[in-house]
There are 4 protein chains.
Amino acid sequence: MRKKKEGEAVLFTNTSEVELVDLMGDDRRLVETATVSTGADSATWSDERVVGLINRLMKDRHGSAFEHVYFTFKIKTPLFTARQFMRHRMASYNEVSGRYRLLPQEYYIPPYDRPVMQIGKAMDYEFVVDEKIGAMANVAMRGACEHASKIYEQLLDAGVAREVARMIIPVNVMTEFFVTINLRSLFNLMSLRSTEQGLFPSHPQFEFSQVTALIEEIVATEMPCAYAAFVEHGRVQP
Amino acid sequence: MRKKKEGEAVLFTNTSEVELVDLMGDDRRLVETATVSTGADSATWSDERVVGLINRLMKDRHGSAFEHVYFTFKIKTPLFTARQFMRHRMASYNEVSGRYRLLPQEYYIPPYDRPVMQIGKAMDYEFVVDEKIGAMANVAMRGACEHASKIYEQLLDAGVAREVARMIIPVNVMTEFFVTINLRSLFNLMSLRSTEQGLFPSHPQFEFSQVTALIEEIVATEMPCAYAAFVEHGRVQP
Amino acid sequence: MRKKKEGEAVLFTNTSEVELVDLMGDDRRLVETATVSTGADSATWSDERVVGLINRLMKDRHGSAFEHVYFTFKIKTPLFTARQFMRHRMASYNEVSGRYRLLPQEYYIPPYDRPVMQIGKAMDYEFVVDEKIGAMANVAMRGACEHASKIYEQLLDAGVAREVARMIIPVNVMTEFFVTINLRSLFNLMSLRSTEQGLFPSHPQFEFSQVTALIEEIVATEMPCAYAAFVEHGRVQP
Amino acid sequence: MRKKKEGEAVLFTNTSEVELVDLMGDDRRLVETATVSTGADSATWSDERVVGLINRLMKDRHGSAFEHVYFTFKIKTPLFTARQFMRHRMASYNEVSGRYRLLPQEYYIPPYDRPVMQIGKAMDYEFVVDEKIGAMANVAMRGACEHASKIYEQLLDAGVAREVARMIIPVNVMTEFFVTINLRSLFNLMSLRSTEQGLFPSHPQFEFSQVTALIEEIVATEMPCAYAAFVEHGRVQP
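Residues numbered from 1 in each chain as written. Chains lettered and ligands numbered in written order. Predicted model: local features only at pLDDT ≥ 70, side-chain atom pairs only at ≥ 80, totals over all residues. Heavy atoms only, no water.

Colleague: I would appreciate a short explanation of the packing of aromatic side chains in the present structure.
Modeller: How two aromatic rings sit relative to each other is set out by the distance from centre to centre and by the angle between their planes. Taken as a whole, this structure holds 40 aromatic pairs over all chains when the rule is applied. Ring geometry for Phe85(B) versus Phe208(B): centroids 5.5 Å apart, planes at 25°, classification stacked. Taken together, the positions of Phe85(B) in helix H3 (residues 79-85) and Phe208(B) in helix H7 (residues 206-222) put the pair 123 residues apart, joining distant regions of the chain. Across the pair, Phe208(B) and Phe85(B) agree in class, each one buried. Plain terms: the ring middles of Phe200(B) and Phe200(D) are 6.4 Å apart, the flat faces sit at 45° to each other, and that makes the pair tilted. Placement of Phe200(B) in the loop between helix H6 (183-192) and H7 and of Phe200(D) in the loop between helix H6 (183-192) and helix H7 (206-222) is noted, with the two residues assigned to different chains. For the residue pair Phe200(B) and Phe200(D), the accessibility class agrees, reading buried in each case. Ring-pair connections join several aromatic residues into one group, and the members of that group are Phe66(A), Phe187(A), Tyr227(A) and Phe230(A). (Phe/Tyr/Trp six-rings, centres within 6.5 Å; stacked < 30°, edge-to-face > 60°. Helix = DSSP H or I, 4+ residues; strand = E, 2+ residues; numbered from the N terminus. Buried < 20%, exposed > 50% of the residue type's maximum accessible area, 1.4 Å probe, protein only.)

In structure tokens:
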């Protein structure tokens, strides 16, 4: 995240970013750790047999083996999405601090194809795209961020502490954090925070599902058997 | 939290509130659960002996007994403080949702005696009171909140979804949440988030230490022996 | 747990015991904590509406509200069952210690109607009752416990430390522990460790399902709406 | 773990084994994740500066960065030690199952230099070496294991289910498990379960401290800066 220099415009973005920092384990590790219970010598197993056991673990929700595979991601996303992420407590976080640094003046503004109109009532509504309202919202939100950013800088210039000045920063400011999380917890997140629907309903906010989609791409690449089993068995966390 | 009616002024507050909703256990429970390991018949113990064991548990950091005492609080605090609170993962939360309801337009503005000037460099600074800067900041922050609030209402009036409109709400908006947490985790929070100093340094933000002070008052009343032992032994989490 | 006096016979039991020590919260609390997100004034809701929301929370797996209800149980069960229990990590434990006290010489022996014969192969077997084998096993197991108990006492009499002497105690020795656990974690335990079958398969050991059945009775009494919703929606943890 | 063949002697061991299966992260990762809060470009830092920050994190107990480093170990240890290990809940486990496989007939017997005599009273005792008593205990314990092992095989031969037959197996039977745990939790374990004393008292059982010593060797090799800081700052978990 670069810092805005004086006189520069506030930056806007309409998406999140997910970077894979590190990974421990692979599909074979699931089988290695699971079979300690039975004593089976899984090191010599064929790929087919590996796939078979992973499917069995997923279907029967024998989840413990999925905890030995760990991902570290670096995620850049609006603060309101970061807040939702950190409600997932089975994970470790380190994040940009508005107390210890100047907050980069970059804000999230929804893309034009993001449905911004809400129709219906609580717990039973849907979102629709409305170009005219979307354009109006876009302008109004940019203005609000620029206004907040200006006051943030005025406060800092006057010598007000960063931890005080940041209080008027809106929740669509972009933040960055490292998260380390195991595959079992990731499946939990994927079952709750994706627009892809499985056996149980999932109502994520659009902006979180953008993050989840990026994470799923990485999981699908790195853990192909486990991911395929997850999708096949209704996107239920094992 | 009442809702702001149309035409009403935005509300401001300079403090947080903590309400004790429920409590399970007391000082005697610590002894009852701890002595299952030794088989001692602690039900007949004198108060002195109870105090003695609690002090021993605290001093030697035998922490498990402190997990059988649970508090449920309802807390009203600015969103940036709620964010810090929810980094404590050994706890359960339910919070106001900006997706499911209109956000009450009430904002936190620091009280006049809150040190707002930051002097020194990163990881080695202090805060001082400056009346003139404080007064300026107060005015500027109120203005920023009123501006954001106005745009929030304009967006809602145009039919923009609550979850989109709230994106430009600043992090000093007041929120409310239930938190259920055990006494061991509370001691951890109290060791990290209080201006009272113990064996290890504690650098809480002023606004969080306001919340911690309210919590400590309740803990001191409800768990007098455990709290006294915590203070006596250097405010270290058992 | 009383201690065996010298010359006394070893004690045998064929069941576990569960005592409710304390409880925080009730069905109404689920609604109170869940509705903080929407701002609904649920205190005035009719019982019907309460039931409706609890069902909705269970069906859609909005699990967080179930974490504000806490149970403390005191459980007496064989050590091998206690081991399985403590694999549930979202809970707090204090247990009899073989380092700090003499282990009461009471052992679990399966009841006569417990199926002891295993037929079939790994991950696809069943258990059947065989009276003759059952009776033989009963005698052999009692003898093994009495033998171990005698050597335990000989070692202690010679001055060997309790933590060393207990090493030869078999895993069917009865133990006691306090466990404090929230309702969400309890539903997880009930979904995995009961012979009652729901949407997902459950393969508990007979002795653990005895414990779960006792716990379910208590939950059904204390949290009738939540328990009914759990059963109705396929015994899936919310 | 090989299986005992019919007619073979029961195996005995006097130690535990710890194998490093996998590791994610290193000392530099601690700095990378910690500095996201301040925005410092730590990639270019000198080794000295890296060491300096790690010491600061340890001393001030800024523990979150230590959660991004993960170890997977495979541990072979007596069951009573495994039980103590699994009381550490911030970790993931997969273990040999006496329900799903025959339990290898290998038992732990204390080495000759293990102090087996307990002198003093509860919570204030010490252990001393007594060769004569030690030798007596050694013989008696071997005999107890052989006796239990024989009955275990008789039960299995009669067709009794593994999960029933294993009930009379003593707690010094050797077991194996995978554990995945982060560095912060490992420091907690090392502060509580080692004979090395720091700022707070530590009373581990001899057999657990054997395991901890093996783990510390690996941590000292793989995370030299973090480990040195841990020792220097009183063996307190950050």
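Colleague: Any chance you could explain the sheet that holds strand E3 (residues 70-78) of chain D here in plain terms?
Modeller: Sheets are built from strands paired through backbone hydrogen bonds, the pairs being either parallel or antiparallel. All names here are of chain D. Strand order in this open sheet of four strands is E2-E3-E8-E4, and the pairing throughout is antiparallel. Looking at the sheet topology across the chains shown, the edges are occupied by strand E2 (17-24) and strand E4 (92-95). In this sheet, neighbouring strand axes are inclined to one another by 20° on average, regardless of whether the strands run parallel or antiparallel. Pairing geometry for E4 and strand E8 (residues 174-182), over four bridges, is antiparallel. Pairing of Tyr93 across the sheet is with Val179, part of E8. Of the strands in this sheet, E3 and E8 are in contact with H6, which crosses E8 at around 125°. (Pairing = 2+ DSSP bridges. Axes fitted to C-alpha atoms, helices over the stretch in contact; angles between N-to-C directions. Contact = heavy atoms within 4.5 Å.)

Colleague: Hey, could you run me through the interface of chain C and chain A in this one?
Modeller: Interface size is often expressed as the accessible area that is lost when the parts come together. Listed as interface residues are 15 residues of chain C and, on the opposing side, 15 residues of chain A. Linking chain C with chain A are two salt bridges. The interface formed by chain C and chain A includes two residue pairs in polar contact (both at pLDDT 80 or more). Considering only residue class, the side of chain C that touches chain A consists of six nonpolar, two polar and seven charged. (Salt bridge = Lys/Arg side-chain N within 4 Å of Asp/Glu carboxyl O. Polar contact = N/O pair within 3.5 Å; in protein donor to acceptor, adjacent residues only side chain to side chain. Nonpolar A, V, L, I, M, F, W, Y, C, P; charged D, E, K, R; others polar.)

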